[in-house]
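The chain contents come next:
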Amino acid sequence: MAATVGASAVVVEDLVKRYPKSETNAVDGVSFAVAPGELFGLLGPNGAGKTTTVGVLTTRVRPTGGRAEVAGVDVVRYPVRARGHVAVVPQRSNLDRSLSIRNNLIFHAAYHGVPARTREHQADELLRQFGLFERANVKPDLFSGGQAQRVMIARALMHAPTVLFLDEPTTGLDPAARLFVWDRLRELKEQGVTLVMTTHAMDEAAALADRVGIMDHGKLLALDTPDGLMRSQIGRSTLDLAAPCPDAETADAAIGKLAALSGVERVERLDRGDGELGVRLYLSGEAPQLVAPAAALLAEHGMTITDMKVGTPTLEDVFIDLTGRTLR
Amino acid sequence: MTALAPRVEDGAGSARRAFLAILRRDLYVTWGELPVFLAQVILQPLFLLFVFGKVLGSLGYTQRGYADLLFPGLVALTAVITSMQTLAFPLVVEFGWTKEIEDRLLAPLPTGWVAAEKVIFAALRSMIASLLMLPIGFLVLGSIPWRWAGLPLFAVMVVLGALLGAGLGLVIGTLVQPNRINVAFSLIFTPLLFTGCSQYPWPSLERLRWFQVVTAINPMTYVSEGMRGALVPAVPHISPWICVVVLLASLGVLMTIGVRGFYRRAVN
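Residues numbered from 1 in each chain as written. Chains lettered and ligands numbered in written order. Predicted model: local features only at pLDDT ≥ 70, side-chain atom pairs only at ≥ 80, totals over all residues.

A.B. asks: I keep staring at the overall build of chain B and nothing clicks. Help me out?
C.D. replies: Each helix and strand counted, chain B has 10 helices and 0 strands in total. When the helices and strands of chain B are placed in sequence order, the string is α-α-α-α-α-α-α-α-α-α. Relative to the globule expectation of 18 Å for 268 residues, the C-alpha radius of gyration of chain B, 20 Å, shows essentially globular dimensions. The principal-axis extent of the C-alpha atoms belonging to chain B is close to 75 × 35 × 35 Å. The buried share of chain B, taken over its 268 residues, is 45%. Counting only contacts in chain B whose residues sit at least 6 apart along the sequence, the fraction spanning at least 24 positions is 83%. (Helix = DSSP H or I, 4+ residues; strand = E, 2+ residues; numbered from the N terminus. Rg over C-alpha atoms; globule rule 2.2 N^0.38 Å. Buried ≥ 20, exposed ≤ 12 C-beta atoms within 10 Å, placed from the backbone. Contact = placed C-beta atoms within 7 Å.)

Laid out in C-alpha cells, this is it:
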C-alpha cells in the first residue's frame, strides 16, 4: 500500500472509550501500531474492548480520549477520508437484503467512488474467487453464516482498502467455512493488504496473526508475535501422571511430596475414579526431566505409573498467565 | 486477485459521489419493486377517497361538495404519510436488526449526508405519490377540484408536506427502540392521521373548540389547510402564509431532532 510505506497502517495511542452511563472504560488507555501488510490479531474474551477499539478505527465509535489513525489519517478529525481507507467485515451479516449479492458488491464500490467500468468486472472476479459466482444474483436472505461472511469479505475488497478490519471473522462458522476464510485471509496478507482482526479463538490468532495483542477489561496486556508470547511460557509444560493408588492417605502424601519436587510450580488433582491417582504437574521447566524423579517418588509410595502425558504451552496458557482465568 | 490501486480522495468529491450512489441504490430498489411501491402508496388514499368521497356521498350521508373538500386533505395526507412511512420503517429495521445501513455509514461521506439522502429519497417518493392522487381522484370521483392558479401553492404544499413527513419519519425512526416499533406506530400514526384536518377544514372546528386546539398542534393540519387554499379557496381555511411559516418552523425542529437522533444511532 504505497501511500503508507515506512509509516504504520494503523496507530492507536492512549485510546480511551467510556460509553455514556458506564462506570468503567470499555477501552482503557490502549496503544499499538500495525505495520503495512501485517496481519494483526486482537485477542480477548467478550467485553474486553476489542470491538470498541475496531469501532473507533472504523469511525463508528467516538473515542473519549487518545488518538487513532488509519493510513496516516486521524479518524476522529477526518472520518470521511478515513472511511475511504478502511473496510469492515462485521461479526453479523449487514448485507443489503434488497440487493443481490452481486449488486451488494457493485453498489458498495459505487459508494466508494470506484468507476462504473471497473466495478462490474471486479465484482465478477471476486465472486468467482470466493466461490459465489453461481449465486451472484441471489439476495443474501437465504445465505448461511459462512456464505454471508464470504460475501462480506468480497464486498470489503471492492474498494481496495488500505486496512481491512474483521470482527470475529469465523465465530459461528463450521470448520470447512472457517478454513476457507483462513485461506482467504492468508492470501490477502500475501497480497500486502493490512489486516486487523479480533478473535477470541486462540488457535485462530496463533495460526494467522503476525502479532497478537491480548486484551482484557479494556487494557492491552501483552503484544508480541504468537511465538514471542509463548516464549514467556518457554520451557513451561505440564505433566499428567496416573497410577493405581492403595488409599486416600497415600495419595495425599504423594501429592504433597510431588508439589515439593524442584521444578514443580503447582499440582492439580485430576479425577480418575476410585483406586487411581491422577495429577497434573505445572512445571517451570521441561517435562521429561521431571518424569524420573516423579516416578521414583511415586514408587516410594508403592505406586507405579500407568499413564503419562506431556503438555506444551499454548496461547491459552499465556492468557491464563496474564489474566488468571480462562478465555471462555 | 486484481491489482487494485489505492484511491485516496478527500472530502467533497468522494462525499458527493457516495451520496449520489446511495440515492441511486434507493431508486434502483424502488424501481425493482414498483408494483409494491404503487400498491403501498395508492391503496390507502384510494379507499379513503372511495368510501368518504364516493360511497358516503352516493348514499347521501355527506353533503354535496364534501368530496371537493376531502380531496385536498387526502393529497396532504398522502404527502405526509408516504414519506413518513418510507423513512421510519426501514430506518428502525436497519438500525435495529439488519444493520444494513452500516455499509452506507462506512462510505466516504459525512454521517449527516446519509440522513439527508434518506430525507430526500423519502420526499421524492412521497411527491410522486401525491401527484398520483390527481389521476386517482379523477378516476374515483369523476372530477377533482383543480385550479391552475393554485398550482404554485399546491406544489409548495406537496414539497413541504413530503419534507414534513420525512422529518417525522427521521425522528420516529431514530428515537423509537426496535422492540417498541409496533406500539409507537399505533400511538403516533393513528392520532396523526385523524388530527391532521385532512377530512375536515380547520376553521369549521370552532364548534368543537378543544379538538380545534388539538388539531392546531399537528403540523399536518397546515399541509391540509394550505392544500385547500390552493385547490378550494372558497372553503374557509387557514391563510397560506401562516401554513408555510408554521411548516418551515416545524421542519426546522423535526430535522434538528431527527439528525441528532441519527448521529446518536450511527456513531457511538
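A.B. asks: Looking at this structure, how should I read the sheet that holds strand β9 (residues 211-216) of chain A?
C.D. replies: Sheet strands pair by backbone hydrogen bonding; their relative direction is either parallel or antiparallel. Residues and elements named next belong to chain A. Overall, mixed pairing links the 6 strands, which are arranged β6-β7-β8-β3-β9-β10 in an open sheet. Strands at the two margins of the open sheet, each flanked by one partner only, are β6 (86-89) and β10 (219-224). Each adjacent strand pair in this sheet contributes to an overall mean axis angle of 20°, direction not counted. Relative to β9, strand β3 (residues 39-43) runs parallel, the two being bridged by 4 bridges. Across the sheet, the residue bridging to L42 is G213, located in β9. Sheet strands touched by helix α5 (residues 145-157): β6 and β7 (163-167). Its angle to β6, the strand with the most contacts, is close to 175°. (Pairing = 2+ DSSP bridges. Axes fitted to C-alpha atoms, helices over the stretch in contact; angles between N-to-C directions.)

A.B. asks: Just checking my understanding: could you explain the pairing of strand β8 (residues 194-199) of chain A for this structure?
C.D. replies: In the case of a regular strand, side chains alternate between the two sheet surfaces. All names here are of chain A. The buried fraction of β8 is high, at 6 of 6 residues. The side-chain alternation of β8 yields two buried faces, one formed by T194, V196 and T198 and the other by L195, M197 and T199. Judged from the 5 bridges that link them, β3 and β8 form a sheet pairing that is parallel. What sits directly across from L43, in β8, is T199. Where β7 meets β8, 5 bridges bridge the pair, whose relative direction is parallel. Looking across to β8, one finds that D167 is bridged to T198.

A.B. asks: I would appreciate a short explanation of the interface of chain B and chain A in the present structure.
C.D. replies: One widely used convention gives an interface's size as the accessible area the parts lose upon coming together. Facing the 32 residues of chain B at the interface are 33 residues of chain A. Elements with a contribution of two residues or more to the side of chain B that touches chain A: α1 (11-32) and α4 (102-105) of chain B. Top element by residues in the side of chain B that touches chain A is α1 of chain B. It accounts for 9 residues.

A.B. asks: What's the story with helix α3 (residues 66-98) of chain B in this structure? I'm lost.
C.D. replies: Residue pairs three or four apart in sequence face the same way in an α-helix, which turns once every 3.6 residues. Along its 33 residues, α3 of chain B runs 45 Å from first to last C-alpha, staying within 8% of the 48 Å computed at 1.5 Å per residue. Extensive coverage of α3 of chain B is indicated by the burial of 26 of its 33 residues. (Expected span 1.5 Å × (residues − 1).)

A.B. asks: It is not clear to me how the sheet that holds strand β5 (residues 73-74) of chain A should be interpreted in this structure. Could you clarify?
C.D. replies: Residue and element names in this part refer to chain A. Strand order in this open sheet of 4 strands is β2-β1-β4-β5, and the pairing throughout is antiparallel. One side of each edge strand has no neighbouring strand; the edge strands of this open sheet are β2 (27-34) and β5. Looking at chain direction, strand β4 (residues 65-70) and β5 are connected through 2 bridges and run antiparallel. Following the sheet pairing, V70 is matched in β5 by V73. In this fold helix α1 (residues 50-57) packs onto β1 (10-17), β2 and β4, with an angle of close to 120° to the strand it touches most, β1.

A.B. asks: Can you help me understand unusual backbone geometry in this one?
C.D. replies: Excluding glycine, residues mostly carry a negative phi; peptide bonds, for their part, are mostly trans. All names here are of chain A. Unusually for a residue other than glycine, A71 sits at a positive phi of about 50°. Mapped onto the secondary structure, A71 falls in the loop between β4 and β5. Overall, the presence of 25 C-beta atoms within 10 Å leaves A71 in the buried class. Despite not being glycine, E168 has its phi angle at roughly 45°, a positive value.

A.B. asks: Help me understand the environment of A87 of chain A, please; the structure alone is not making it clear to me.
C.D. replies: All names here are of chain A. With respect to the helices, strands and loops of the structure, A87 is situated in strand β6. The class of A87 is buried, set by 26 C-beta atoms lying within 10 Å. With 72 residues separating them along the chain, A87 and H159 place their C-alpha atoms 8.1 Å apart. Not counting residues within four places of it along the chain, the set of residues in contact with A87 comprises A156, L157, H159, P161 and L164.

Read these as spatial facts, not as claims about activity.
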